[in-house]
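Per-entry structural report
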Amino acid sequence: MSSAPTRRADAPHTSMFLRMLMRAAVLRRGRAASALLAMIVAAGVATAMLNLYVDVQAKLRKEFRNYGANVVVVGKNGTALRADALSKINSRLGGHGLAVPFAYVVARTTDGQSVVVSGTDFEQVRKLDSWWSVSGWPQNSKEALVGTRAASVVSAQGKPFDLSFQGRTIHLNPAGTLSTGAAEDSRIYIPLSEFEHWTGLQPSTIEVAASGAPQEVDAAIRNLAAALPEAEVRPVRQIMEGEARVLGKTRATLLAAAFLIILTSALCVLSTLMGWVLDRRRDFAIMKALGASERLVSGFFAAEAAALGAIGAVLGFGIGVGVAAWIGRVNFHAAVVPRFNVLPWILLGSIGVALISAALPMSLLRRVQPAVILRGE
Amino acid sequence: MFFRLVYESFRRQKRRKALAGIAITLGVAVATAMIAVATDVGDKISRELRSYGANLLVTPQDDTLDLQIDGVDLKPPSDGTYLNEADLPKIRGTFWHHNIVGFAPILPVNVEAAGKNLTLLGTYFSKKLAFGKEDFTTGVRITHPWWKVQGAWPDDESQDVLLGEALAAKLGTKPGDQIQIGGQQHRVAGVLSTGGAEDGEIVASLGLAQQILGKPGAVRRLYVSALTKPEDALARRDPKTMNSELFDRWYCSPYVQSIAYQLQEAIPHSHAEQIRQVAQNEGTVLSRIKGLMLLVTFAALLASALAVSAAMATAIFERRNEVGLMKALGAGDASVAALFFVEAMLLALIGGVIGFAGGAVLARQIGRSIFDSQITVDPVLLPVILALAVIVTFAGSALAIRRAVKFDPVYALRGEG
């Protein structure tokens, strides 16, 4: 029984094989469908988890960029930056980030108190420092954003006030107050052009939020340092390290979850397919009784399992991508982009699990004589 | 007779029970572990988010304006008022003291060192303090985890100092060297790297800074790192406008605002404010991660339920012949179904208990390997998990049992499945 029927021509053999595969699927629709369903669910869940695992990094990074600048550019030894520094930085970043200039002086109020005044670009600050709690952003050039603590000193009732720096006075209207809980509360922010006109000073600091993975940020820092040899470019370690830590832990948890979920899904496939193969022990016995070799029968079941695995994987991939996109929409308000490089792994995994699931009951059946099965014991 | 049937079925058909049993055990273990991780992940990530540093800043109530540019303090040290160092341990007496991970006082003073005018920051490195009977340790090593020292951290009681990286490079000083500060020799214990203004400053113990300033007990500002709950509508309300019931609810929730309020109560003449950069973003990041884990937990529960159902269906399907035999001997549909249901329930209970224990171990392992801290599974969860396991097992078996019972015994006995 173990010798393969070599005298047969190859072509009819193959067509018979395919026909048996097709008929098996058609005749036992119910069982085949449930096995396929299990396969689809497992592949779908695995796809969704892998997609999430790959994409969660990018999604969370976007959230982490709300922490503000991760790179700071300052003039060496407290000097102002060159006038073209900002445009240089913007061109080097090429859209992968945000750069906001800040200029500072210590000015005096009319009653002689010192206060830090900063000139900046309000449009960009709103994007960079989204945590600033502002009651009203300045719209006109003579309007200022006053920190809550500075407000009690310069304009308690929101009245216009004067500031002087090196004998030059500026008259400002408070547009709103700013609250951050940090040093910004003691400052007064005015538009950069107004600041330059008043003090004649250039920005001394440019805060940069570079997007991307740590390697990309490092590359951006090197890139900026090369473009601005007269400036000091340094990472904001507080932001970078916190991000790396939280991201790492989240991904590790997700990976553990993905592993567990894929394991249970594989078990689901295993039990369903085992049932399917065991259910068909009579086919197995008849094939053997009619003279099919053990290799042929094993091959038949293996091909069946592999086909099931492949179909399930492709359909499951589609569903999994949908689920991942849905989770992305619900949780991060941005769709998770499908990763097609996950597909080969899903395909391989599904076929592998299907083959193992088929092999287990096969080894049980192989030990039994066909006559015993056919007699129905 | 019924119980004998159940007993014999368990004794004799070990292999068939094994698959279903493994599926239930694994399913329950995964469900338990994922529920435990999902409920605890908020707390764990919240702790990790503390690596962003302090989220609360306490300053003297009627302080003059800060004159800080790029982290460099330009305010004359004689200016303004101070907090009292003796009040700091009282933080441990506030309602949410368990949520306060650490705090670090800062006192900047101007010094002349190595022939330059420099800023010296006095702070706690890792100071041992006592409040009542409770001993605890706090300082910048907890609140500013991104501060890295090459060499050694100085002792809080010593006269040793840390030199900022940029400053040390400029002076050519290495850990272990001496530095002249205000006419006195101090040993440089290590070189500090923070990526901020401290890189150009000297950092010493709070006691040393107070001694140089000549104001014992003075603290300029206090950074507090606290575990907080993401902000919601209640958190943002002004406590002055709340009625007493609402106020109690607000006061007893670990919002950053209510912790700030309690810090103000604990430290006389102080003003506590959330550092919005840290506090506000923490909430968004936390809710995103929690939401993600919740959805993933649903996926895990679904996968477990499917695995259990599939295994039960297969296990019952295999036993058609038995059903045929029982029915041929005169058993009614109801008693056959009852037999299967009792078996399923027993399997669910046994698998559920083992799986629960396994899930607890799994959750602990995940906690230890990822977060370096325990994730414990609440025993209260056991009945819930068991009930879920029984329901899922029943639901998974129901269809298969129905089909098995409806099957004609003649076909079954002839072996035409």
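Please read these numbers as outputs of a predicted model, since none were measured by experiment.

The next point concerns the overall build of chain B. Looking only at helices and strands, chain B has 13 helices and 16 strands in total. Relative to the compact-globule value of 22 Å for 417 residues, chain B shows a C-alpha radius of gyration of 32 Å, a clear excess of over 25%. Projected onto its principal axes, the C-alpha coordinates of chain B cover approximately 105 × 55 × 40 Å. By residue count, 55% of the 417 residues in chain B fall in the buried class. Within chain B, contacts between residues at least 6 apart in sequence are counted, and of these 75% link residues at least 24 apart.

A word on the confidence of the model for chain A. All names here are of chain A. On average, residues of chain A score 83 in pLDDT, and 93% of them are at 70 or above. Helix H1 (residues 10–27) is the least confidently modelled element of chain A, averaging 68 in pLDDT, while strand E8 (residues 187–191) averages 93, the highest of any element. Across residues 1–11 the pLDDT falls below 50, and counting only partners more than four positions away or on other chains, this stretch makes six contacts in the model.

Bringing the interface of chain A and chain B into the picture now. Each side of the interface is counted separately: chain A has 73 residues, and chain B has 75 residues. Summed over both partners, the interface of chain A with chain B buries about 6400 Å², with 65% contributed by carbon and sulfur atoms. Our count for the contact surface shared by chain A and chain B stands at three salt bridges. Of the charged contacts, one joins Lys148 of chain B and Glu241 of chain A as a salt bridge, the two residues approaching to 3.0 Å between their closest N and O atoms. Within the residue set of the side of chain A that touches chain B, elements represented by two or more residues are helix H2 (29–64), strand E2 (97–109), strand E3 (114–120), helix H5 (148–154), strand E10 (231–235), helix H8 (237–279) and helix H10 (294–332) of chain A. Per-element tally for the side of chain A that touches chain B: the top contributor is H8 of chain A, with 29 residues. Grouping the amino acids of the side of chain A that touches chain B by side-chain chemistry returns 38 nonpolar, 20 polar and 15 charged.

Positive phi outside glycine occurs at Gln166 of chain A, with the angle close to 50 degrees. The residue Gln166 of chain A is located in the loop between strand E6 (161–165) and strand E7 (168–179) in this model. Of note, the phi angle at His269 of chain B is positive, near 55 degrees, even though the residue is not glycine. If you trace the backbone, His269 of chain B turns up in the loop between helix H8 (256–266) and strand E16 (270–274). Overall, the relative accessible area of 62% leaves His269 of chain B in the exposed class.

All right, on to the packing of helix H10 (residues 320–328) of chain B against helix H11 (residues 333–371) of chain B then. Residues and elements named next belong to chain B. Here H10 crosses H11 at 140 degrees, and the two axes come no closer than 10 Å. Judged by the angle between their axes, H10 and H11 are oblique. The way H10 lies across H11 gives a crossing that is right-handed. The segment H10 lies against H11, with Val323, Met326 and Lys327 engaging Asp333, Val336, Leu339 and Phe340.

Residues and elements named next belong to chain A. Per the counting criterion, the structure on display carries 22 aromatic pairs over all chains. Pairing Phe102 with Tyr189 gives two aromatic rings, centres 6.4 Å apart and planes at 75 degrees, and the pair type is edge-to-face. Taken as a pair, Phe102 in strand E2 and Tyr189 in strand E8 lie far apart in primary sequence, 87 residues in all. Across the pair, Tyr189 and Phe102 agree in class, each one buried. Ring centres of Trp132 and Trp137 lie 6.4 Å apart, and the angle between their planes is 5 degrees; on these two criteria the pair is classed as stacked. In this pair, the class of Trp132 matches that of Trp137, namely buried. Through successive ring pairs, a cluster of aromatic residues spans Phe102, Tyr104, Phe122, Trp132, Trp137 and Tyr189.

Here the focus is the pattern of salt bridges. Residue and element names in this part refer to chain A. Enumeration over the complete set of coordinates arrives at 19 salt bridges over all chains. Its salt-bridge partner being Arg234, residue Glu232 comes within 3.8 Å of it at the nearest N-O pair. Residue Glu232 is classed as partly exposed on the basis of its relative accessible area of 35%. It is possible to trace a salt-bridge network through shared partners that takes in Asp55, Lys59 and Arg339.

The next subject is the environment of Asp248 of chain B. Residues and elements named next belong to chain B. Tracing the sequence through the fold places Asp248 in helix H7 (residues 244–251). A relative accessible area of 46% places Asp248 in the partly exposed class. Sequence separation between Asp248 and Ala398 is 150 residues; the distance between their C-alpha atoms is 50 Å.

What sets the pattern is the α-helix's 3.6 residues per turn: residues three or four places apart point alike. All names here are of chain B. Within helix H5 (residues 206–213), burial applies to Leu206, Leu208, Ala209 and Gln210. Packed against the buried residues of H5 are strand E5 (100–113), strand E6 (116–123), strand E10 (161–164), strand E12 (184–193), strand E13 (202–205) and strand E14 (218–219). Where H5 ends, the next residue or the one after it, Gly214, has phi of about 75 degrees, a positive value.

Thresholds, definitions, all that
- Residues numbered from 1 in each chain as written.
- Chains lettered and ligands numbered in written order.
- Predicted model: local features only at pLDDT ≥ 70, side-chain atom pairs only at ≥ 80, totals over all residues.
- Heavy atoms only, no water.
- Helix = DSSP H or I, 4+ residues; strand = E, 2+ residues; numbered from the N terminus.
- Rg over C-alpha atoms; globule rule 2.2 N^0.38 Å.
- Buried < 20%, exposed > 50% of the residue type's maximum accessible area, 1.4 Å probe, protein only.
- Contact = heavy atoms within 4.5 Å.
- pLDDT = per-residue confidence, 0-100.
- Buried area = accessible area lost by both parts, 1.4 Å probe.
- Salt bridge = Lys/Arg side-chain N within 4 Å of Asp/Glu carboxyl O.
- Nonpolar A, V, L, I, M, F, W, Y, C, P; charged D, E, K, R; others polar.
- Axes fitted to C-alpha atoms, helices over the stretch in contact; angles between N-to-C directions.
- Parallel < 35°, antiparallel > 145°, perpendicular 65-115°, else oblique.
- Left-handed = near helix turned anticlockwise from the far one by under 90°.
- Phe/Tyr/Trp six-rings, centres within 6.5 Å; stacked < 30°, edge-to-face > 60°.

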